Amino acid sequence: MLLLAVAFIVAFVLLLYMVSPLISPKPLKLPGAHVVVTGGSSGIGKCIAIECYKQGAFITLIARDENKLLQTKKEIEKYSVNDKQVVLCISVDVSKDYEQVENVLKQAQEKLGPVDMLVNCAGTSVTGKFEDIEVNSFERLMAVNYLGSVYPSRAVIATMKERRMGRIVFVSSQAGQLGLFGYTAYSPTKFALRGLAEAMQMEVKPYNIYITVAYPPDTDTPGFAEESKTKPLETKLISETSSVCQAEQVARVIVKDAIQGNFNSSVGSDGYMLSILTSGMSPVTSITEGLQQVVCMGIFRIVGLFYLGSFDSIVRRCMMQREKSESTDKNE
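- Per an unreviewed UniProt entry, the chain goes by the name 3-dehydrosphinganine reductase and belongs to Rissa tridactyla.
- Taken from UniProt, the Subcellular location (unreviewed entry) comment for the chain reads in full: "Endoplasmic reticulum".
- Quoted straight from UniProt, the Function (unreviewed entry) entry for the chain says "Catalyzes the reduction of 3'-oxosphinganine (3-ketodihydrosphingosine/KDS) to sphinganine (dihydrosphingosine/DHS), the second step of de novo sphingolipid biosynthesis."

**Digging into the nonpolar core**
Stage number 1. Of all hydrophobic cores here, the largest spans 34 residues; its most connected members are L30, V35, I48, C52, I59, M117 and V119.
Stage number 2. Those elements giving two or more residues to this core turn out to be β1 (34-38), α2 (43-54), β2 (58-63), α3 (66-77), β4 (117-120), β5 (166-171) and α9 (247-260).
Stage number 3. Setting aside anything within four residues of it in sequence, one finds M117 in contact with L28, L30, H34, V35, V36, C52, M160, R167, V169 and A258.
Stage number 4. Within the second largest apolar cluster, 32 residues are counted, among which are I62, V104, V115 and Y151.

**Remarks on the pattern of salt bridges**
Stage number 1. With the rule as written, the count across this model stands at 7 salt bridges.
Stage number 2. The partner of K46 in a salt bridge is E75, with the nearest N and O atoms 3.2 Å apart. Here K46, found in helix α2, pairs with E75, found in helix α3; they are 29 residues apart in sequence, far enough to count as distant.
Stage number 3. Judged by its relative accessible area of 19%, K46 is buried.
Stage number 4. Judged by relative accessible area, which is 29%, E75 ranks as partly exposed.
Stage number 5. Where R163 meets D116, a salt bridge forms, and the shortest distance between an N and an O atom there is 3.1 Å. Of this pair, R163 sits in helix α5 (residues 135-163) while D116 sits in the loop between α4 (98-112) and β4, and the two are 47 residues apart along the sequence.
Stage number 6. D116 gets classed as buried once you look at its relative accessible area, which sits at 8%.

**Some points on the environment of K96**
Stage number 1. Locating K96 in the fold gives a position in the loop between β3 (87-91) and α4.
Stage number 2. Classification of K96 by relative accessible area gives exposed; the value is 67%.
Stage number 3. In this structure the C-alpha to C-alpha distance between K96 and D218, which are 122 residues apart in sequence, comes to 27 Å.

**Topic: the layout of surface pockets**
Stage number 1. Looking at the second largest pocket, its volume works out to about 530 Å³.
Stage number 2. Around the second largest pocket, the lining is made up of 20 residues, and of these D257, N262, N264, T285 and E289 lie nearest the centre.
Stage number 3. Within the residue set of the lining of the second largest pocket, elements represented by two or more residues are α9, β9 (264-266), α10 (268-277) and α11 (287-331).
Stage number 4. The leading source of residues in the lining of the second largest pocket is α9, at 4 residues.
Stage number 5. Tallied by class, residues from the lining of the second largest pocket come to 5 nonpolar, 12 polar and 3 charged.

**Quick word on the pairing of strand β6 (residues 209-215)**
Stage number 1. Burial analysis of β6 places 7 of its 7 residues in the buried class, which makes it a mostly covered element.
Stage number 2. In β6, alternate side chains face the same way, and those of I209, I211, V213 and Y215 on one face and Y210, T212 and A214 on the other are all buried.
Stage number 3. Inspection of the sheet shows β5 paired to β6 by 6 bridges, in the parallel sense. Across the sheet, F170 pairs through a bridge with V213, a residue of β6.
Stage number 4. Each parallel crossover has a hand, and the one from β5 via helix α6 (residues 187-204) to β6 is right-handed.
Stage number 5. Where β6 and β9 come together, 3 bridges link them in parallel fashion.

Calculation criteria
- Per-chain numbering applies: the sequence of each chain, read as written, is numbered from 1 onward.
- Local features in this predicted model are restricted to residues of pLDDT 70 or higher, and side-chain atom pairs are both shown and tallied only at a pLDDT of 80 or more, whereas totals for entire chains, interfaces and linings draw on every residue.
- To obtain the side-chain values, all non-hydrogen atoms of the structure were used and water was disregarded.
- UniProt positions are given in the numbering used here, feature names are shortened, and annotations may be inferred rather than shown by experiment.
- Working definition of a nonpolar core: buried Ala, Val, Leu, Ile, Met, Phe, Trp, Tyr and Cys residues. They are joined through side-chain atoms within 4.5 Å.
- Categorising residues by exposure relies on relative accessible area from a 1.4 Å probe, with only protein chains included: less than 20% of the type maximum marks a residue as buried, more than 50% marks it as exposed, and the intermediate range marks it as partly exposed.
- Note on conventions: DSSP H or I runs of at least 4 residues are helices, E runs of at least 2 residues are strands, and numbering of each starts at the N terminus.
- Contacts are assigned to residue pairs that have any heavy atoms within 4.5 Å of one another.
- Salt bridges are counted wherever a side-chain nitrogen of Lys or Arg sits within 4 Å of a carboxyl oxygen of Asp or Glu.
- Buried and open spaces are told apart on a 1 Å grid over the protein atoms alone, a cavity being a set of points where a 1.4 Å probe fits but cannot get out and a pocket being an open set with protein on both sides within 12 Å along at least five of seven lines. Residues with an atom within 4 Å of a point are the lining residues.
- Grid points are joined across faces, edges and corners, and a volume is the space filled by probe spheres set on the points.
- Throughout this entry, Asp, Glu, Lys and Arg are counted as charged residues, while Ala, Val, Leu, Ile, Met, Phe, Trp, Tyr, Cys and Pro are counted as nonpolar. The remaining residues, Gly among them, count as polar.
- DSSP bridges decide pairing: two strands pair if at least two such bridges lie between them.
- Handedness rule for crossovers: strands pointing away from the viewer, path from the first strand over the helix to the second running clockwise, crossover right-handed.

This is the structure in structure tokens:
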């Protein structure tokens, strides 16, 4: 009887693997495709642009710093696979004026054709304890990290619907999957992208448009280096529980998942566990993905509780050390 049950389960899993490709999105072909990358002058955005260019795509880079854009353009062009490829640079702040964003994307499409894939990578971070962060920082981060993704997506979605094809990527963060000490201004802006993506996916799926939300871990980028200078001690100690990834590695994973039309994109074992734990009512692009979430959810929740316990311990220990130090200073 036991052998029969095991055989049935094995047969069921094999059937899922066989059926899964039939219901998964058709992969996007990058050769000749027009890929727009916001925040593309450095970090993960630049690496995503390079990865797409290596696969034959035409690239539009969008960022604020024109000098950085031109330097990045020269770097990307070294990876061309044919003489027809083009790298177009546009200097604009994607978080301030929707009409301006819409106009520059129209210009890009006139030059390189309709946008096949939009990668929303523009973002910034501020770390610190909630009461120490300036109020205007909350507003600025929401503008850059959230509206800076809304505006470009809004500008290209109509054309994608008309063409019945497209990919939109929102680069969130693991801090957009769980709230961490020191990220009270940053985490909510990245959580917001998840809600936007889920609602958008339900709207655009009938048009063969697929949304991907990427959750990169701490990544070796100029932005991460700058952020690390102001991290509270608790945040630094919590961050030490996971390794820092290379931007090139993260970019390869994001591009691969976007091409496949996967909703979640994560890197490493921690990223996989967090994606399972936070899957909730998020869409799946294969039966096997849904099965993995069902099977692993309980186990990963137990592991997650141990992580949370260790994080709480770090915060309490730092608080006690700080209070002890303050008490010593007063006595002196």
